[in-house]
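Letter by letter, the chains look like this.
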Amino acid sequence: MLGLYTCRGTRDAPGLGSTRVDLHQHALRTAALLRRVRPADKELQVAGLVHAIGPLLGPGDLTGHCDCAADAVRPLLGERVSRLVRDQCRAYDSADDDLVRLRQADEEGRSAEFDAGVLEDWRTVLELVAARNSRLGAVD
C-alpha cells in the first residue's frame, strides 16, 4: 500500500492517456469501477488499483512502466494480477474480457469525477488477494 500512498498528488506523464490525472485518485476510481462491474473478481479490482504505480517505478519510460508495475506486484499479489497489469498496456485488440474491462475502467477512471473512497477501504481486499497468493505459493 505504500506505493499507492506514494502516488498521492503525482500526475501521470503526458502520453499515458488523454488527460493527466492524479495517479492516486485514478487508481481508486479504476478499482471502484471494476468493483461495480465485477464485484466478485477481487484480483481484477486489485489490478485496477495497483496499475497506477508503474509511472512511479519507471518514470519517463512510457513503454516499460507496465512491466515495472507487474514485476513489483507479482511476489505479493500473484501471477494473474501481474499479468493483467502488464498486459493492459499491450494487446489492445485482445479478446480477453478481463483486459477489456481493465482498459475500459482505466480510461473511464481518467475522466470520471466521483468519490472513490480512500485507499484504506481497499486494505481487506489487498490482504485477501495477498493471502490467497501466499497460500498458493506455499503449495508449490
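Rules used in this analysis
Residues numbered from 1 in each chain as written. Predicted model: local features only at pLDDT ≥ 70, side-chain atom pairs only at ≥ 80, totals over all residues. Heavy atoms only, no water. Phe/Tyr/Trp six-rings, centres within 6.5 Å; stacked < 30°, edge-to-face > 60°. Lys NZ or Arg CZ within 6 Å of the ring centre and 35° of its normal. Helix = DSSP H or I, 4+ residues; strand = E, 2+ residues; numbered from the N terminus. Expected span 1.5 Å × (residues − 1). Buried < 20%, exposed > 50% of the residue type's maximum accessible area, 1.4 Å probe, protein only. Axes fitted to C-alpha atoms, helices over the stretch in contact; angles between N-to-C directions. Parallel < 35°, antiparallel > 145°, perpendicular 65-115°, else oblique. Left-handed = near helix turned anticlockwise from the far one by under 90°. Contact = heavy atoms within 4.5 Å. Nonpolar A, V, L, I, M, F, W, Y, C, P; charged D, E, K, R; others polar.

Visitor: Got a minute to help me understand the packing of aromatic side chains in this structure?
Guide: One pair of aromatic rings is described through two measures. These are the centre distance and the angle between the planes. What the rule picks out here adds up to zero aromatic pairs. Across the ring face of Trp122, the terminal group of Arg35 is positioned such that the distance to the ring centre comes to 3.8 Å. One Lys or Arg, Arg36, reaches over the ring of Phe114 and ends 4.7 Å from the middle of that ring.

Visitor: Sorry, what's going on with helix α2 (residues 23-37) here?
Guide: Side chains three or four residues apart in an α-helix point the same way, a direct result of the helix having 3.6 residues per turn. End to end, α2 covers 21 Å across 15 residues, agreeing with the expected 21 Å (1.5 Å per residue, within 8%). α2 sits mainly inside the fold: eleven of its 15 residues count as buried. Buried residues of α2: Leu23, His24, His26, Ala27, Leu28, Arg29, Thr30, Ala31, Ala32, Leu33 and Leu34, and no others.

Visitor: How do you make sense of helix α3 (residues 42-50) when you look at a structure like this?
Guide: The buried fraction of α3 is high, at eight of nine residues. Burial in α3 covers these residues: Glu43, Leu44, Gln45, Val46, Ala47, Gly48, Leu49 and Val50.

Visitor: Got a minute to help me understand the packing of α3 against helix α6 (residues 79-87) in this structure?
Guide: Helices that pack against each other are described as a pair by the angle of their axes relative to one another and the distance between those axes. Contact geometry of α3 with α6 gives a least axis separation of 9 Å together with a crossing angle of 50°. On the basis of the axis angle, α3 is oblique to α6. α6 is crossed by α3, and the crossing has right-handed handedness. Here Glu43, Leu44, Val46, Ala47 and Val50 of α3 come into contact with α6, specifically with Arg80, Val81, Leu84 and Val85. Split into classes, the residues belonging to the contact of α3 with α6 amount to seven nonpolar, no polar and two charged.

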